[in-house]
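Coordinate analysis (summary)
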Amino acid sequence: MQTRPFGSTTRAVPLIGQGTWMIEGAERAAAIAALRTGLDLGMTHIDTAEMYGSGASEEIVAEAIAGRRDEVFLVSKVLPENASRTGVRAACERSLGRLKTDRLDGYLLHWRGGHPLAETIAAFDELQRAGKILSWGVSNFDVADLEEAQRIADGRIACNQVLYHLGERAIEHAVIPWCERHGVAVVGYSPFGQSRFPSPRTAGGRVLAEIAAVHGATARQVALAFLTRRPPVFVIPKASSAGHTADNAGAGDLGLSPDDIARIDAAFPRGPRPRSLPML
Ligand SMILES: NC(=O)c1ccc[n+]([C@@H]2O[C@H](COP(=O)([O-])OP(=O)(O)OC[C@H]3O[C@@H](n4cnc5c(N)ncnc54)[C@H](OP(=O)(O)O)[C@@H]3O)[C@@H](O)[C@H]2O)c1
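One structure accompanies this document, and this report is about it. (Residues numbered from 1 in each chain as written. Predicted model: local features only at pLDDT ≥ 70, side-chain atom pairs only at ≥ 80, totals over all residues. Heavy atoms only, no water.)

A short note on the pattern of salt bridges
Considering all chains together, one arrives at 21 salt bridges under this definition. When the shortest N-O distance is used, the salt bridge between Arg89 and Glu126 registers 2.4 Å. Of this pair, Arg89 sits in helix α3 (residues 85-99) while Glu126 sits in helix α4 (residues 117-129), and the two are 37 residues apart along the sequence. Overall, the relative accessible area of 36% leaves Arg89 in the partly exposed class. Residue class for Glu126 comes out partly exposed when judged on its relative accessible area of 21%. One salt bridge connects Arg156 with Asp125, and the closest N-O pair in it is separated by 2.6 Å. In this pair, Arg156 is assigned in the loop between α5 (143-152) and β7 (157-163) and Asp125 in helix α4, connecting sequence segments 31 residues apart. Bridged by salt links that share partners, the residues Arg169, Glu172, Arg229 and Asp265 form one connected network. (Salt bridge = Lys/Arg side-chain N within 4 Å of Asp/Glu carboxyl O. Helix = DSSP H or I, 4+ residues; strand = E, 2+ residues; numbered from the N terminus. Buried < 20%, exposed > 50% of the residue type's maximum accessible area, 1.4 Å probe, protein only.)

What about the site of the ligand?
In the vicinity of the ligand lie 27 residues, with Trp21, Asp47, Ser190, Ser240 and His244 positioned nearest. Side-chain polar atom of Asp47 to an oxygen atom of the ligand: 2.6 Å apart, as the coordinates give it. In the model, a nitrogen atom of the ligand is placed 2.8 Å from a nitrogen or oxygen of the Ser139 side chain. Protein chains shield 86% of the accessible area of the ligand, which is 910 Å² for the free molecule. The biggest single contributor to the shell around the ligand is helix α9 (residues 242-249), with 3 residues. (Near = heavy atom within 4 Å. Polar contact = N/O pair within 3.5 Å; in protein donor to acceptor, adjacent residues only side chain to side chain. Areas by Shrake-Rupley, 256 points an atom, 1.4 Å probe, with all protein chains shown as cover.)

Thoughts on the sheet that holds strand β3 (residues 45-47)
Read from one edge to the other, the open sheet built from 7 strands follows the order β3-β4-β5-β6-β7-β8-β9, with strand pairing classed as parallel. Single-partner strands in this sheet number two, and they are β3 and β9 (233-235). Within the sheet, the average angular offset between the axes of one strand and its neighbour, ignoring direction, is 25 degrees. Pairing analysis gives 3 bridges linking strand β8 (residues 185-189) to β9, with the strands arranged parallel. Paired with Val187 across the strands is Phe234, a residue of β9. (Pairing = 2+ DSSP bridges. Axes fitted to C-alpha atoms, helices over the stretch in contact; angles between N-to-C directions.)

So, the pairing of β8
Among the 5 residues in β8, 5 count as buried, and that is most of the element. Here β8 shows no split at all, with Ala185, Val187 and Tyr189 on one side and Val186 and Gly188 on the other all buried. Sheet topology places β7 next to β8; 5 bridges connect them, and they run parallel. Counterpart to Cys159 in the pairing with β8 is Ala185. The β-α-β motif built from β7, the intervening helix α6 (residues 175-182) and the parallel element β8 has right-handed crossover chirality. (Right-handed = clockwise from strand over helix to strand, strands pointing away.)

A few points about the pairing of strand β6 (residues 136-139)
For a regular strand, the rule is simple: side chains alternate between the two faces of the sheet. Covered by surrounding structure in β6 are Trp136 and Val138 together with Gly137 and Ser139, the residues of both alternating faces. As paired strands, strand β5 (residues 106-109) and β6 are joined by 3 bridges and run parallel to one another. Note that in β6 the partner of Leu109 across the bridge is Val138. Since β5 and β6 lie parallel, the crossover through α4 that links them has a hand, and here it is right-handed. As defined by bridge partners, β6 adjoins β7 across 3 bridges and the pair is classed as parallel. Bridge assignment links Val138 to a residue of β7, and that residue is Asn160.

What to know about the nonpolar core
Generally speaking, nonpolar side chains in soluble globular proteins are found buried as a group. Formed by 69 residues in total, the largest nonpolar core has its most connected members in Tyr107 and Ile264. No other element matches the 6 residues that helix α8 (residues 219-227) contributes to this core. Filtering out sequence-adjacent residues up to four positions away, Ile264 remains in contact with Leu166, Val207, Leu208, Ile211, Val222, Phe226 and Leu256. Core analysis: the second largest hydrophobic core is formed by 13 residues, Phe6, Leu108, Cys159 and Phe234 among them. (Core = buried A, V, L, I, M, F, W, Y, C linked by side-chain atoms within 4.5 Å. Contact = heavy atoms within 4.5 Å.)

A look at the packing of α3 against α4
Across the interface, α3 lies against α4 with an axial gap of 8 Å and an inter-helix angle of 45 degrees. Here α3 is positioned oblique relative to α4, judged by the angle of their axes. Where α3 crosses over α4, the two elements pack in a sense that is right-handed. Side by side, α3 and α4 meet where Arg85, Val88, Arg89 and Cys92 of the first sit next to Glu119, Thr120, Ala122, Ala123, Phe124, Glu126 and Leu127 of the second. By residue class, the composition of the contact of α3 with α4 is 6 nonpolar, 1 polar and 4 charged. (Parallel < 35°, antiparallel > 145°, perpendicular 65-115°, else oblique. Left-handed = near helix turned anticlockwise from the far one by under 90°. Nonpolar A, V, L, I, M, F, W, Y, C, P; charged D, E, K, R; others polar.)

What follows is the structure, encoded as structure tokens:
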């Protein structure tokens, strides 16, 4: 599993991590086994949030990482309504309790809400000084939001977690270049488009299958390798079975040729520059 430096942190983080949204909907033992298989295969970046299953996802992650905390780059997110100076601290303590750990490797503002960014960032800085979080970042930020955050916290934004899959490449226009210039990691979420991964019966799906066959890989591995082709980008596919996790981990060592990349680019065009970033 390839790793690269994660934004402003000095940590080597795997290109392919593990998402956990709606993992609580899967059979619990299978979900925990899937996450632990991911750790065995080097997918040590685990992404969760207080929002996911109202804390149930964090509790599953706690079971999966029990006894293995030091291997994990553990990220959780605070809801915008909790992102006041005192609210962030309280939310973080609740997440730490559910995750049964004393620290997060990354703590993100899930999306922008009503609380002033300066207040949220002051709270993140306080948590960082107290050793409760090792870095902080943002999510669903477009370039205007990033500029504002950067004015408050020059050089301290570890990452921006944003929607990114073959059918939704809008961040390639401005968000990825901005993050690249400012040393901010880009974490692509929903890298399979949730349940909308291209079927092999579509023209795009056939391109993925052909490239996969050449590399002895799978279409999903090809998609993940394409998404992580640029230096600041990481992805966090969610899987609730060990088989799916192992498939996804296989992308971590798959190198695509310039010709492969050009073919995927043509099959899944990035489309026009959006006026603002789509939000979930
Ligand atoms: N910051 C944000 O606002 C935000 C928003 C959305 C998501 N996220 C994060 O990003 C993570 C990933 O996004 P996502 O969960 O929305 O969608 P996703 O990762 O694009 O897709 C998940 C779906 O793909 C399936 N899958 C995974 N690996 C597979 C494989 N190898 N073969 C076949 N099917 C496979 C999963 O099935 P099984 O579950 O059956 O394995 C699940 O149905 C989330 O879990 C969450 O941590 C963040």
